[in-house]
Structures are given as C-alpha cells and as structure tokens.
Amino acid sequence: MARALKVFSYSDGFHSWTVAATSRAKALEAWGVKRDLFKDGAAVEAAEGPDRQAALMAPGELIERGLSVDIGRVEKTRAPKAAKKRGPSAKDMARVEALESELAALDATQQAETQGLEARRAALEREASALANRQAKATDALRAKLKTARAKLSG
C-alpha cells in the first residue's frame, strides 16, 4: 500500500516552497537541502491553503510562491542544484607538492643526523669499553702487587 502524501512548506522570507511528499526526508530532498529544516521550525506540514492544493495536484514538484519578491506569483519550479565540487586548484596542488618536497628533505636531514649520532655513540661505547679494560688490567696488576707485598709481611 502506498504511503499517503503529506504537504510540507518552507520559507526563506522571500519565497515559500511547498511540496507534496510521503515524508519529511523526501521533502528536504525535493528542496535540495541537507539541514533538517523541520527541527529548527523553518519548515512545517501545511494544513491548508492554495499552495497545498497545487502541491497535491503535482506530487514531488515544488510549488514556489513569491512573498517579498514577485509577490503572489505561484509557479512550479525545481529544487536548487547543489554546487558542483571542484577538484583542487593548481595553487593548492603546488603548495602540497612543495610541502611534500620539504618533508622529504627534512626526513633526509634527520636521518643523516641520526646516523651521525649513532656513529658517535658507537665510538663512545668502544672508547668506554677500552677504558674499562685498561682500568681492569691496572686494578688487577695493582692487586697482584698488593697481595705479594702482604705475603712478604706475613712471612
């Protein structure tokens, strides 16, 4: 069973648009808007009036009435077309390319800095290891001498 038609009306202050549709969502679609005009009270269900009768005679078509522009003129009209989305501009593309190039250069610089730091760290670790070995040998040699000297004292 087909759903019953309801008549919905919306006004921007200059014009009033009326449409016969099965639901609020269909009315919003016919008006070409995504915002819920019913939620904020800008659109209502029309209970009476000549626009209601005209909308019921042409379901799904917009009935436009001039309120402060073209006062009283009533005509069938189409929903305003949504603006076509354009691709990015050449200026935006050039900016992105420049930033990508700058990022690549920064990555290369940071990688070189990190490699330099790693090389210095490895050299410091080798130096620390050599120092620890020298200190251990010197400590062992001195302990051996001390042990010999104590043995002569007890002896």
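Residues numbered from 1 in each chain as written. Predicted model: local features only at pLDDT ≥ 70, side-chain atom pairs only at ≥ 80, totals over all residues. Heavy atoms only, no water.

**Some details on the side chain of Ser-9**
Note on placement: Ser-9 falls in strand E1 (residues 6-11). We classify Ser-9 as buried; its relative accessible area is 16%. Ser-9 has contacts with Ser-16, Trp-17, Thr-18, Trp-31, Ala-42, Ala-43, Val-44 and Ala-46, leaving out every residue within four places of it along the chain. (Helix = DSSP H or I, 4+ residues; strand = E, 2+ residues; numbered from the N terminus. Buried < 20%, exposed > 50% of the residue type's maximum accessible area, 1.4 Å probe, protein only. Contact = heavy atoms within 4.5 Å.)

**Focus: the nonpolar core**
In this structure, Ala-27, Trp-31 and Phe-38 are the most contacted members of the largest nonpolar core, which totals 13 residues. Per-element tally for this core: the top contributor is helix H1 (residues 24-31), with four residues. By size, the runner-up hydrophobic cluster in this structure holds five residues, among which are Ala-20, Ala-46, Ala-55 and Ile-63. (Core = buried A, V, L, I, M, F, W, Y, C linked by side-chain atoms within 4.5 Å.)

**Overview of the packing of aromatic side chains**
Under the defined criterion, the tally for this structure stands at four aromatic pairs. Plain terms: the ring middles of Tyr-10 and Trp-17 are 5.7 Å apart, the flat faces sit at 15° to each other, and that makes the pair stacked. Like Tyr-10, the residue Trp-17 is buried in the burial classification. Here the aromatic residues Phe-8, Tyr-10, Trp-17, Trp-31 and Phe-38 are joined through ring pairs into a cluster of three or more. (Phe/Tyr/Trp six-rings, centres within 6.5 Å; stacked < 30°, edge-to-face > 60°.)

**Observations concerning the pairing of strand E2 (residues 15-21)**
Side-chain positions along a regular strand alternate between the two faces of the sheet. Across the seven residues of E2, seven count as buried, placing the element largely inside the fold. Neither face of E2 is open: one carries His-15, Trp-17, Val-19 and Ala-21, the other Ser-16, Thr-18 and Ala-20, and all of them are buried. Bridge analysis of E1 against E2 gives six bridges, and the strand direction is antiparallel. Its bridge partner being in E2, Phe-8 is matched across the sheet by Val-19. Here E1 folds back onto E2 in antiparallel fashion, the turn holding three residues, of which Gly-13 has a positive phi close to 100°. Of the pairings in the sheet, the one linking E2 to strand E4 (residues 62-66) comprises four bridges and is antiparallel in character. Looking at E4, one finds that His-15 is bridged to Gly-66. (Pairing = 2+ DSSP bridges.)

**Structural notes on the pairing of E4**
Extensive coverage of E4 is indicated by the burial of five of its five residues. With burial as the criterion, each face of E4 is covered, one bearing Leu-62, Glu-64 and Gly-66 and the other bearing Ile-63 and Arg-65.

**Here's the deal with the confidence of the model for the chain**
Per-chain confidence: the chain averages 84 in pLDDT, with 86% of residues scoring 70 or above. Mean pLDDT per element in the chain: strand E5 (residues 74-77) is the minimum at 60, and helix H3 (residues 90-154) is the maximum at 95. (pLDDT = per-residue confidence, 0-100.)

**Looking at the side chain of Ser-23**
When you line up the elements, Ser-23 lands in the loop between E2 and H1. You can call Ser-23 buried: its relative accessible area is 16%. Only 3.2 Å separates the side chain of Ser-23 from the backbone nitrogen of Lys-26, close enough to count as a polar contact. The contacts of Ser-23, once residues within four sequence positions are left out, are Arg-3 and Phe-8. (Polar contact = N/O pair within 3.5 Å; in protein donor to acceptor, adjacent residues only side chain to side chain.)

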